[in-house]
Amino acid sequence: MRIIRKKGWELPERLVTDETVFLNRRRFMQGAGAVAGAGLVGGGLGAGLSDMAMAAQDPSAGLYPVPRNPEYKVSRPITPEETATTYNNFYEFGSHKRISSAAQALPIRPWEIAIQGEVEKPFKIGIDELLKKMPLEERVYRLRCVEAWSMVIPWSGFPMKALLDLAKPLGKAKYVKMQTFMNADVARGQRQHWYPWPYTEGLTIKEAAHDLTFMVTGMYGKPVPRQNGAPLRLAVPWKYGFKSVKSIVLFEFTDQRPTTFWEEIAPSEYGFWANVNPDVPHPRWSQETEEVIGTDKRIPTQIYNGYGDYVADLYKGMEGERLFM
Ligand SMILES: Nc1nc2c(c(=O)[nH]1)N[C@H]1C(S)=C(S)[C@@H](COP(=O)(O)O)O[C@H]1N2
Ligand SMILES: [Mo]
């Protein structure tokens, strides 16, 4: 269902410094800062359970670890698991990085995924049935957030191409739109009605079919934890992290380019393409370097986040597009 949203809140860019401040400021302007803040701090239902206990409850735990695909090498050290699972962006659970305990409240079984739109035959499939059909492997990928920080993560999952083969999009499908769950009872960020929930992302079919485009179901040799997007998320490592939508329930094939969550919030700052480029600054900060989370280092950012050899061809002849925002 579409909700009607106020559009009058956009702020001059000079007032703010990053995604989080941008949104906190907006919340403040709405006069809801105190209430929303209080609602987002602290744990959800499962917050008292240890990681081990949560993992043991996951029916897919026995599938991991899976063999690593040696094709995709990253020269940097892997980010410590503790860091990658406790420093997160997942606005459904709060507009700050420490959402991992709040996210434990998300029920991840049963979990149905809908495939619809321009496909041979729309269908729904449960995550465990999908896992049985998909060829699981591990890939070590860089993750570069638009906020100028990065990690290196060993994901487990399957190429999105395998999902396309199952979905059978029709020739007229040019894009695939992906959406996160809606469950404001546990994802309290979703009570903040000024965000355009549910979180929506999209890729062209060509991007989705690219071998680098990966559907994540695990990380560090275990099922992917809730805070990182259980039970199914995207990893498109040559694009800014916000493209890598978490906890997906819908794939819709369409001939229309979808409007994405961040694009709807701030179209001049977060676009559809969002390919990493050190030479194209965000309107409010430079993208030349990135903070390596878990260290005190900053390193130079690479074009397409280091994956240019694989993906630059996807954008040949598209010089008129805002490819790097
Ligand atoms: N549904 C949803 N997906 C999301 C986000 C979000 O807020 N909600 N944040 C994005 C952003 S900005 C980043 S950088 C990555 C962070 O993934 P991680 O927490 O696993 O490192 O998730 C992306 N996917
Ligand atoms: Mo991000």
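Before reading on, note that the structure itself is shown above.
Residues numbered from 1 in each chain as written. Chains lettered and ligands numbered in written order. Predicted model: local features only at pLDDT ≥ 70, side-chain atom pairs only at ≥ 80, totals over all residues. Heavy atoms only, no water.

The biggest cluster of nonpolar side chains holds 92 residues, and the ones touching the most others in it are F251 and F253. In terms of residue count, the dominant contributor to this core is strand 4 (residues 149-159) (six residues). Every residue in contact with F251, bar those within four places of it in the chain, is listed here: I113, A114, I115, Q116, M160, L163, V176, K177, M178, M215 and L232. (Core = buried A, V, L, I, M, F, W, Y, C linked by side-chain atoms within 4.5 Å. Buried < 20%, exposed > 50% of the residue type's maximum accessible area, 1.4 Å probe, protein only. Helix = DSSP H or I, 4+ residues; strand = E, 2+ residues; numbered from the N terminus. Contact = heavy atoms within 4.5 Å.)

Okay, the site of ligand 1 next. Near ligand 1 there are 17 residues, and of these Y91, E92, R233, S244 and K246 occur at the shortest range. Separating a nitrogen atom of ligand 1 from a backbone N or O atom of N89 is a distance of 3.3 Å. A distance of 2.6 Å is found between an oxygen atom of ligand 1 and a side-chain nitrogen or oxygen belonging to K246. By residue class, the composition of the shell around ligand 1 is eight nonpolar, six polar and three charged. (Near = heavy atom within 4 Å. Polar contact = N/O pair within 3.5 Å; in protein donor to acceptor, adjacent residues only side chain to side chain. Nonpolar A, V, L, I, M, F, W, Y, C, P; charged D, E, K, R; others polar.)

This part takes up the side chain of S156. Tracing the chain through its elements places S156 in strand 4. For S156, a relative accessible area of 0% puts it in the buried group. Not counting residues up to four positions away in its chain, the partners in contact with S156 are Y64, V66, E137, E138, F214, M215, V216, T217, G218, M219 and G221.

Another point: the packing of aromatic side chains. In this structure the tally under the stated criterion is 24 aromatic pairs. For the ring pair F272 and W273, a centre distance of 5.0 Å and an interplane angle of 90 degrees mean the geometry is edge-to-face. For the pair F272 and W273, one class covers both residues: buried. Judged by its relative accessible area of 6%, W273 falls in the buried class. In this structure an aromatic cluster arises from ring pairing among Y91, W194, Y195, W197, Y199, F242, F261, W262 and Y270. The lysine or arginine in question, K243, covers the ring of F272, its NZ or CZ lying 4.2 Å from the ring centre. (Phe/Tyr/Trp six-rings, centres within 6.5 Å; stacked < 30°, edge-to-face > 60°. Lys NZ or Arg CZ within 6 Å of the ring centre and 35° of its normal.)

Opposite charge on two side chains allows them to pair when their charged atoms are near. Scanning the entire structure with this criterion turns up 17 salt bridges. For D128, the salt bridge is made with R109, and the minimal N-O distance between the two is 2.7 Å. Residue D128 is found in helix 6 (residues 127-133), and its partner R109 is found in the loop between helix 5 (100-103) and strand 1 (112-117); the two are separated by 19 residues along the sequence. Residue D128 is classed as partly exposed on the basis of its relative accessible area, which comes to 29%. Residue classification places R109 among the partly exposed positions, given a relative accessible area of 23%. Each of D58, R109 and D128 takes part in a single network of salt bridges with overlapping partners. (Salt bridge = Lys/Arg side-chain N within 4 Å of Asp/Glu carboxyl O.)

The next thing to look at is unusual backbone geometry. Cis geometry is found at the peptide bond from Y64 to P65, where omega equals -5 degrees. Its location among the elements puts P65 in the loop between helix 3 (51-56) and helix 4 (81-84). The omega torsion of the bond from W197 to P198 falls at -5 degrees, within 30 degrees of zero and hence cis. Along the chain, P198 turns up in the loop between strand 5 (175-180) and strand 6 (200-204). The residue A148 is not glycine, and still its phi comes out positive at about 70 degrees. Within the chain, S247 stands out as a residue other than glycine whose phi angle is a positive 45 degrees. With respect to the helices, strands and loops of the structure, S247 is situated in the loop between strand 9 (233-235) and strand 10 (248-254).

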